[in-house]
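Residues per chain are reported as follows:
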Amino acid sequence: LKCRLYSSAWPRPRQVIMPTRCANTSRLANRFPIAESLLQDFRLQPYIHNCEVSVIEGRHTYKFSVFFKRHCRLHSNTLLGGDVADFHGDVVV
């Protein structure tokens, strides 16, 4: 699963591959992303939040799954500008 990682440890976002796991042994089964493999500081913040974001552009609607960690003791993420400049943690889209 290709995704973009906005890590507080890197100076710019990177395209990375997120591993997935199957619900069962069938190759046709649903696959689920393993976001915890990409996000840092598991001991400080073991929880991963997720949400779905829809972007409507003209007649097209694009849906993105967003996974993130947010905690006041995580590193500040300077890649997320604007109103979220005080965001502490990593984001995967």
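What counts and what doesn't
Position numbers for residues start from 1 in each chain and track the written sequence from start to end. In view of the model being predicted, local features appear only for residues whose pLDDT reaches at least 70, and side-chain atom pairs are presented and counted only at 80 or more, with totals across whole chains, interfaces and linings using the full set of residues. Excluded from the side-chain calculation are hydrogens and water; included are all heavy atoms of the structure. Helical segments are the DSSP runs of H or I of at least four residues, strand segments are the runs of E of at least two, and each set is numbered from the N terminus. Areas reported as accessible are Shrake-Rupley estimates using a 1.4 Å probe. Residue values count occlusion only from the protein chains shown. We treat Lys and Arg as the positive residues and Asp and Glu as the negative residues; His and chain ends play no part in the count. A charge is said to be at NZ when it belongs to Lys, at CZ for Arg, at CG for Asp and at CD for Glu. Buried residues are those whose accessible area, probed at 1.4 Å on protein chains only, stays under 20% of the maximum for their type, while exposed residues exceed 50% and partly exposed ones sit between those limits. The working definition used for a salt bridge is a side-chain nitrogen of Lys or Arg within 4 Å of a carboxyl oxygen of Asp or Glu. Whenever two N or O atoms come within 3.5 Å, that pair is a polar contact, provided that in protein one can donate a hydrogen and the other can accept it, and provided that, for residues adjacent in sequence, both atoms are side-chain atoms. What makes two residues a contact is simply this: any of their non-hydrogen atoms within 4.5 Å. Put plainly, a pocket is an open set of points on a 1 Å grid over the protein atoms alone with protein on both sides within 12 Å along at least five of seven lines, a cavity is a set where a 1.4 Å probe fits but cannot get out, and a lining residue has an atom within 4 Å of a point. Grid points are joined across faces, edges and corners, and a volume is the space filled by probe spheres set on the points. Note on residue classes: Ala, Val, Leu, Ile, Met, Phe, Trp, Tyr, Cys and Pro are nonpolar, Asp, Glu, Lys and Arg are charged, and everything else, Gly too, is polar. Patch membership requires over 30% relative accessible area and the absence of a salt bridge. Like charges are linked within 9 Å, and nonpolar side chains (Val, Leu, Ile, Met, Phe, Trp, Tyr) within 5 Å. For two strands to pair, DSSP has to find at least two bridges joining them.

**Regarding the overall build of the protein**
Part 1: Helix and strand content of the protein: 0 helices and 7 strands.
Part 2: In terms of overall dimensions, the protein has C-alpha extents of about 40 × 40 × 20 Å along its principal axes.
Part 3: Total accessible area on the protein stands at roughly 7,100 Å², and carbon and sulfur atoms take up 51% of it.
Part 4: Here the protein carries 13 positive and 7 negative side-chain charges, and the mean point of each set is 9 Å from the other.

**Re the side chain of Asp90**
Part 1: By the element assignment, Asp90 lies in the loop between strand E6 (60-68) and strand E7 (91-92).
Part 2: Nearest to the buried, unbridged Asp90 among oppositely charged side chains is Lys69, at 7.1 Å.
Part 3: A distance of 3.3 Å separates a polar atom in the side chain of Asp90 from the backbone nitrogen of Gln40.
Part 4: For Asp90, the contacting residues outside a window of four places in its chain are Tyr6, Ser7, Ser8, Leu39, Gln40, Phe67, Phe68, Lys69 and Asn77.

**Quick word on empty space enclosed by the protein**
Part 1: In total, this model carries 1 cavity of 30 Å³ or more according to the counting rule given.
Part 2: Roughly 30 Å³ of volume is contained in the largest cavity.
Part 3: For the largest cavity, the full set of lining residues is Ser8, Gln40, Asp41, Leu74, His75, Gly89 and Asp90.
Part 4: By residue class, the composition of the lining of the largest cavity is 1 nonpolar, 4 polar and 2 charged.

**Looking at a nonpolar patch on the surface**
Part 1: On the surface, Val53, Val55, Tyr62, Phe64 and Val93 cluster together to form a nonpolar patch covering roughly 370 Å² of accessible area.
Part 2: Elements supplying a minimum of two residues to the nonpolar patch: strand E5 (49-57) and E6.
Part 3: You can see Val53 is positioned in strand E5.
Part 4: Taking the relative accessible area as the measure of exposure, Val53 reaches 33% and is therefore partly exposed.

**Looking at the pairing of E5**
Part 1: Note that E5 and E6 share 9 bridges and pair antiparallel. Residue pairing across strands places His49 opposite Phe68, the latter belonging to E6.
Part 2: Connecting E5 to the antiparallel partner E6 that follows it, the hairpin turn spans 2 residues, and Gly58 within it adopts a positive phi of roughly 65°.

**Some points on the sheet that holds E6**
Part 1: One open sheet accounts for 5 strands, arranged E2-E1-E7-E6-E5; its pairing is antiparallel. The open sheet has two edge strands, strand E2 (14-17) and E5, and neither has a second partner.
Part 2: Here strand E1 (residues 2-6) pairs with E7 via 2 bridges, running antiparallel. Bridge pairing links Tyr6 to Val91 in E7.

**A closer look at the pairing of E6**
Part 1: Relative to E7, E6 runs antiparallel, the two being bridged by 2 bridges. Note on E7: the bridge partner recorded for Phe68 is Val91.

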